[in-house]
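Listed here are the chains, written in short residue letters.
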Amino acid sequence: MPADEALAGESIADAPGPTAEELAFDEYLERALGGAAPDPVDFARARGGASPSLLERLARIHRRSARAPWDAGSLPFERLGEFRLVRRLGGGGMGLVFEAEQESLGRRVALKLVRPELQGSAVAAERFHREALAIASLRHPGIVGVFAAGEERGVRYLAMELVEGSSLDELAETGELARTPTARKVRWTLQLARALEYAHGRGVVHRDVKPSNVRITPDDRALLVDFGLARITGSGQVSLTESFAGSPSYASPEQIADAGAVDARTDVYSLGVTLYQCLTGTAPFAGESVDQVFHRILSAEPVPPRKLAPSIPRDLETVVLQAMERDPARRYPSAGALADDLEAVLELRPIRGRPPGVLERLRRAARRHPALATALASGAVALAVLAGALFAQASVRRSEQRGEARRAVAAARAKVAEYQESRRALAGLLAEVEELRRDQAYEYLDERQYALLDANEERLDEHKRAWEATFYEVLDLLRHAERQDPLVEAAEAVRADLHMERLLEAREARDWGSAELQRDLVLAHDADGRWSRELSGELELTLRTEPPGAEVHLFLLEDASRLVEGGEPRQVPVPFAGGALPVPPGTWTLRVREGAGELLRGDHLIEIAGHPIEGAVLMAEGPAPLACGDRLAAIDGQPVRDLWAIETLGAPAKPGGDGEVPARRFEFEHAEGTLVLEGTSLAELGVRALTAAEFAADRARPAVAAKVLRYGELLEVRLPPGLDVRASAAPAFLSPASSLGRSPIEARRLPSASYLAIAALDGYEEHCVAIPQGVGRCESTLRLHPLGSAPEGFVRVEEEGGYWIQEREVTSAEYLEFVNDPSTLAEIDATGALALVPRLKQEPFGGPVWERSEDGRFRLPEDWSADLPVIGISWGDAQAYARWRTERDRARGLEWAYALPTYLEYAYAGVGRLGWNYSWGTRFRAKWSHTCFARPSARLGRVMQFPVDRSPFGVYDLCGGVFEWLDHWYDEGRGQRGLGGGAWGHSDPEVIKATGGFGAPPEVTSASVGMRLVARTAREDPR
């Protein structure tokens, strides 16, 4: 029956039983294959004689001494039916296994053949048949599959699934098993236990579980093989032999004493022995002969595994020994129960298994000491009294253990309550310490204040040490309680309360990584769901727009490092409905603000001329054979990724000793490979290289190929010159997966999380609102503004009643227009001072930043870019600029009122109510914003060159660039005005937060201080 279907519809129960002589032959063969073949005549005499034909067969086996002709390693034949033999894989007492190709199906199989000396054995034939039927009825990832069974040229075979890997005994021989971590061995055993649970549930008992019948695959799965001794329970099948069947060292006591009493628990025993050997490196029962091994299995106790390998966990030792209990009634009742306890060991949960009790230890001691057993047996009454006393003692002990467990849980609960009360009582002290710590960075503290800070910090440190000790003390109490009584109530609830306190503590410290870990632990132990409802509660979102009908898009704000392999630990928006987009979250893009050519407003440029946006410096103009869009990759071997490299590495090198300027090596990514040009500078080569955003906006370049993402679809387009774009490292890709539908969105229930909601309506500016995690209900109304009605270069922030804020700092070009206004020039001339003109007072940079021409107007220095932020202005200068811009716009018929941002307006523009520290999240990286160590050397840079430092509302450079004057007193008593954000010459992570900042006297001017404005309509202006 070579076909797969040959196994269908058969039953093991249909097989006829072997004759007495066949049973004798197989018993002799078993002993011969085990290396202990007796004299054939003696063997037959001990069994009441044998026929001449049987004696001849036994003698032939004896002469061969169990040496099979196929054991030499050569292939017995090239083909067997439709199978072409490839190589020998291994063998056992019953058969040999070869890798073969089933040519009719073109698949590789493991072909198991009956050994040649067994070809005449009816028992061998029946074992093969039973193995095929047993495996054919099972479909489980932990059990090898069978494809076909049959006989060809007198050779019986099984075609089975070819499983790559090594058996456990092969791993032991190479020493790899000894190097394997304990947890991995336990995980393998767990997989085998689940496979046996499945087989037992379908009436199949393996009866020969041992290391050589366990195969570990390359993907680390443990598989059961060789079901040659399998028995179908309840089938009425006859035993194949009247003697032992199995492998001596792994046989259960009932296999040895009463083969008819074997059930699923025998596999539990053998798996326990297999695990014992994996953990300790030795079998629990060994001997010089089979009889000696059997005697020890039936009478001796195994050496506790921890005595052989002390690193084995105590609970794991308990599991192994309970699986190996001599009495099946004391063993795990099923492979599933064993698997459950193995899972508990891996998850550090309490196990169900228990070490032997007092009575059992007495019984085993008696068995080890027969004299003591005889003495006890001689006094039956005394024994009965002792048994009763021991039973009563055990009952009392169990009651005491339950009481002790309850007291331990109560003590743990009390300590958690003390922990809670202590933390709440010290909240004021913590706030006072934080305030003093902050003040010492910005103002003078007297000795009394420092003494108070020292004393309070010491008090806090003492309490924190006590909290830490309490945390571990509570865990120890709970573990002790569960050891006394695994079913003790409320232990998990106390654990959940404990981790909730640690979660609150981490949130207060803004340690978001620890907070997330503690949140997971709370949910894992919150059996009654009390905290889960609070932590995993729903958000009820109501969002309306004026006018209604806007499409509302919703995004989860998540850590890119957890979403994308190699991603950075910053927050990026992900469509709330899930689903894969053509590009990963956090991909750098250029968002089109005004449509042109094939491009529409809102498209995201993903590639330009085949180059990703991130790190792209592209050639807009240059000599042949360079082409427009070729990427400048390196200068003198140093990679080029931004404007800094163009302005520093691309500039002429310093002249050498001979006065000559050395040539530099410029590498370009060209269509035909890397193209190298040499010259003193990019300018000398005639190369005009631009960042991706500058390249897209350049009006002088030709159109080039590009890729855009439009509403979830990736398109190839031609990129026209002169595009209005904005770079982003955390773009919100509007798509069907992000759409909640048209406004109004009424009471939409969503999982609690941090969200960004965006309202989009044709003909109107997009508006967004940030929703922090933990908000149970969020209700917002967004007033949409027609396209073109917003102040140029401003974006909307829907906080504090709503306001517009500049998307970047005020540039030198913008401030130059103010300085050269006739009214401003008149004021400068009237005072005879440098007020209102950018200036620096610090040596050696004292004096005006800008020069005045003969016509009386100011001009920027030759090496000064118009899109550098204005610097060197006082707080009064910034206020004067805001007033001038308000008057100018009102003279043009616009009703905007401009002002410096308040502290809250500045902070909300960066992080809204999300609780972040920076525009991009909570983690600090100097490279993400324009700070002192963002690049190899620090220098003032152009605005909007750091796309990561772009808030969810589209505001750039809040955590870098220049400090910005605020309409806020930093320290009114000392006459200091607030400065928001970070600056190019600073790197303190605390200062550069969107919620951080600095303070300075209002008359101070500095190369690190500039400004940006907010705009309000007359209706919105609170003043």
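In case you missed it, the structure is sitting above this.
Given the structure is predicted, the values throughout are model-derived calculations rather than measurements. (Residues numbered from 1 in each chain as written. Predicted model: local features only at pLDDT ≥ 70, side-chain atom pairs only at ≥ 80, totals over all residues. Heavy atoms only, no water.)

Caption draft 1: Region of interest: the overall build of the protein chain. Summing up its helical and strand segments, the protein chain has 29 helices and 43 strands in all. A total of 1023 residues make up the protein chain; the buried ones form 48% of that total. Nonlocal contacts in the protein chain, meaning residues at least 24 apart in sequence, comprise 64% of its contacts between residues at least 6 apart. In the structure as shown, the protein chain presents an accessible area of about 46800 Å², 51% of it carried by carbon and sulfur atoms. (Helix = DSSP H or I, 4+ residues; strand = E, 2+ residues; numbered from the N terminus. Buried < 20%, exposed > 50% of the residue type's maximum accessible area, 1.4 Å probe, protein only. Contact = heavy atoms within 4.5 Å. Areas by Shrake-Rupley, 256 points an atom, 1.4 Å probe, with all protein chains shown as cover.)

Caption draft 2: Structural detail: the sheet that holds strand 32 (residues 794–797). Across the sheet, 4 strands lie side by side as 32-33-43-38; this open sheet has antiparallel pairing. Looking at strand neighbours, the two that pair on one side only are strand 32 and strand 38 (897–899), the edges of this open sheet. Pairs of neighbouring strands in the sheet enclose a mean axial angle of 35°, with direction left out of account. Strand direction decides the pairing type here: strand 38 and strand 43 (residues 1014–1016), joined by 3 bridges, are antiparallel. Counted as the bridge partner of Ala897 is Arg1016 from strand 43. Helix 28 (residues 875–891) contacts strand 32, strand 33 (803–806) and strand 38 of the sheet and is inclined by roughly 165° relative to strand 38. Across the sheet, helix 29 (residues 903–911) lies against strand 32, strand 33 and strand 43, angled at about 75° from strand 33, the strand it touches most. (Pairing = 2+ DSSP bridges. Axes fitted to C-alpha atoms, helices over the stretch in contact; angles between N-to-C directions.)

Caption draft 3: Examining the nonpolar core more closely. Formed by 55 residues in total, the largest nonpolar core has its most connected members in Leu590, Leu605, Ile608, Leu719, Leu723 and Ile805. A per-element tally of this core places helix 29 first, with 4 residues. Contacts of Leu590, omitting those with residues within four sequence positions, involve Asp603, His604, Leu605, Ile608, Ile613, Ala692, Ala693, Ala696, Val725, Arg726 and Ala727. Core analysis: the next-biggest nonpolar cluster, separate from the first, contains 51 residues, Ala199, Tyr276, Val293 and Ala339 among them. (Core = buried A, V, L, I, M, F, W, Y, C linked by side-chain atoms within 4.5 Å.)

Caption draft 4: Highlighting the sheet that holds strand 42 (residues 1009–1010). The 4 strands lie next to each other as 41-40-39-42, forming an open sheet whose pairing is mixed. Single-partner strands in this sheet number two, and they are strand 41 (998–1000) and strand 42. Strand direction decides the pairing type here: strand 39 (residues 963–971) and strand 40 (residues 976–980), joined by 4 bridges, are antiparallel. Opposite Trp969, over in strand 40, you have Arg977 as the bridge partner. Seen against the sheet, helix 28 touches strand 39 and strand 40 and runs at an angle of roughly 115° to strand 39.

Caption draft 5: Quick peek at the packing of helix 9 (residues 264–280) against helix 12 (residues 314–323). Close contact between helix 9 and helix 12 brings their axes to 7 Å; oriented N to C, the two are set at 140°. What the angle tells us is that helix 9 and helix 12 run oblique. Helix-helix and strand crossings are classified by hand; for helix 9 and helix 12 the assignment is left-handed. On the side of helix 9, the interface is formed by Val268, Tyr269, Gly272, Leu275, Tyr276 and Leu279, while helix 12 contributes Leu316, Val320 and Ala323. Grouping the constituent residues of the contact of helix 9 with helix 12 by class yields 8 nonpolar, 1 polar and no charged. (Parallel < 35°, antiparallel > 145°, perpendicular 65-115°, else oblique. Left-handed = near helix turned anticlockwise from the far one by under 90°. Nonpolar A, V, L, I, M, F, W, Y, C, P; charged D, E, K, R; others polar.)

Caption draft 6: Examining the packing of aromatic side chains more closely. Within the structure shown, the criterion is met by 14 aromatic pairs. Where Tyr815 meets Phe818, the ring centres are 5.1 Å apart and the plane angle is 70°; that geometry is what we call edge-to-face. On the criterion of helical spacing, the pair formed by Tyr815 and Phe818 is a turn pair, its members being 3 residues apart in helix 26 (residues 812–819). Comparing Tyr815 with Phe818, the two get one shared label, buried. Both rings, one in Trp920 and one in Trp928, keep their centres 5.7 Å apart while their planes meet at 75°; by these two values the pair is edge-to-face. You'll find Trp920 and Trp928 in the same group, each marked buried. Within the aromatic cluster, the residues linked to one another by ring pairs are Tyr815, Phe818, Trp850, Tyr881 and Trp884. Over the ring of Trp875 we find Arg977; its NZ or CZ atom is 4.0 Å from the centre of that ring. (Phe/Tyr/Trp six-rings, centres within 6.5 Å; stacked < 30°, edge-to-face > 60°. Lys NZ or Arg CZ within 6 Å of the ring centre and 35° of its normal.)

Caption draft 7: Quick peek at helix 29. Where burial is concerned, most of helix 29 is hidden: 7 out of the 9 residues are buried. All of the buried residues in helix 29 are Glu905, Tyr906, Ala907, Tyr908, Ala909, Gly910 and Val911. Buried residues in helix 29 make contact with strand 32, strand 33, strand 39, strand 40 and strand 43. Of the residues flanking the end of helix 29, it is Gly912, one or two places downstream, whose phi is positive at about 55°.

Caption draft 8: Representation of the pairing of strand 33 in the model. Of the two faces of strand 33, the one carrying Tyr803 and Ile805 and the one carrying Trp804 and Gln806 are both buried. Taken together, the 4 bridges between strand 32 and strand 33 define a ladder with antiparallel strand orientation. Looking at the pairing, Phe794 lines up with Gln806 of strand 33. Pairing geometry for strand 33 and strand 43, over 2 bridges, is antiparallel. Bridge pairing links Trp804 to Ala1015 in strand 43.

Caption draft 9: A look at the pattern of salt bridges. This structure, assessed with the given rule, holds 58 salt bridges. Residue Lys415 pairs with Glu473 through a salt bridge whose shortest N-O separation is 3.3 Å. Separated by 58 residues along the polypeptide, Lys415 in helix 16 (residues 380–425) and Glu473 in helix 18 (residues 447–484) bring together distant segments of the chain. When its relative accessible area of 35% is taken as the criterion, Glu473 is described as partly exposed. Between Arg1012 and Glu964 there is a salt bridge, with its nearest N and O atoms 2.6 Å apart. With a gap of 48 residues between them, Arg1012 in the loop between strand 42 and strand 43 and Glu964 in strand 39 connect regions that are remote in the sequence. Here Arg1012 and Glu964 have matching classes, each one buried. Counted as one network, the salt bridges with shared partners bring together Glu78, Arg79, Arg84, Glu101 and Glu103. (Salt bridge = Lys/Arg side-chain N within 4 Å of Asp/Glu carboxyl O.)

Caption draft 10: The arrangement of helix 12 in detail. With respect to burial, helix 12 is a largely interior element, 7 of its 10 residues being buried. Inspection of helix 12 places Leu316, Glu317, Thr318, Val319, Val320, Gln322 and Ala323 among the buried residues, and these make up the whole buried set. Against the buried residues of helix 12 lie helix 7 (182–201), helix 9, helix 11 (305–308) and helix 13 (335–346).

Caption draft 11: A look at the side chain of Ser743. Within the secondary structure layout, Ser743 lies in the loop between strand 27 (739–742) and strand 28 (745–751). Reaching out from Ser743, the side chain makes a polar contact with the side chain of Thr545 at a distance of 2.6 Å. What Ser743 contacts, discounting residues up to four positions off in sequence, is Leu543, Thr545, Pro548, Gly549, Ala550 and Val552. (Polar contact = N/O pair within 3.5 Å; in protein donor to acceptor, adjacent residues only side chain to side chain.)

Caption draft 12: Broad picture of the side chain of Arg701. Relative to the assigned elements, Arg701 resides in the loop between helix 25 (692–697) and strand 24 (704–710). Here Arg701 is buried and forms no salt bridge, its nearest opposite-charge partner Asp698 lying at an N-O distance of 5.2 Å. Polar side-chain contacts of Arg701 include one of 3.2 Å to the backbone oxygen of Leu719. (Lys, Arg positive; Asp, Glu negative; His and termini not counted.)

Caption draft 13: Representation of the environment of Leu868 in the model. Tracing the backbone through its elements, the reader meets Leu868 in the loop between strand 37 (858–859) and helix 28. For the pair Leu868 and Ala813, spaced 55 residues apart in sequence, the C-alpha separation works out to 8.1 Å.

Caption draft 14: Structural view of the environment of Asn917. With respect to the element layout, Asn917 can be found in the loop between helix 29 and strand 39. Under the relative-accessibility criterion, Asn917 is labelled buried at 7%. Between the alpha carbons of Asn917 and Lys993 there is a distance of 5.5 Å; along the sequence they are 76 residues apart.

Caption draft 15: Main features of a positive patch on the surface. Among the surface-exposed residues, Arg398, Arg402, Arg406 and Arg407 lie close enough to one another that they form a single positively charged patch. One can find Arg406 in helix 16. By relative accessible area, which is 52% here, Arg406 ends up exposed. (Patch = residues over 30% accessible without salt bridge, like charges linked within 9 Å, V, L, I, M, F, W, Y side chains within 5 Å. Charge placed at Lys NZ, Arg CZ, Asp CG, Glu CD.)

Caption draft 16: Spotlight on the pairing of strand 16 (residues 604–608). Across the 5 residues that make up strand 16, a large majority, 4, are buried. Two strands pair when backbone bridges link them, and strand 15 (residues 589–592) and strand 16 are joined in this way by 2 bridges, in the antiparallel orientation. The residue of strand 16 that forms the bridge with Arg591 is His604. Bridge analysis of strand 16 against strand 24 gives 4 bridges, and the strand direction is antiparallel. Within strand 24, the position partnered with Leu605 by the bridge is Val708. As paired strands, strand 16 and strand 17 (residues 611–612) are joined by 2 bridges and run antiparallel to one another. Bridge pairing links Ile608 to His611 in strand 17. Linking strand 16 to strand 17, which pair antiparallel, is a turn of 2 residues; within it Ala609 sits at a positive phi near 55°.

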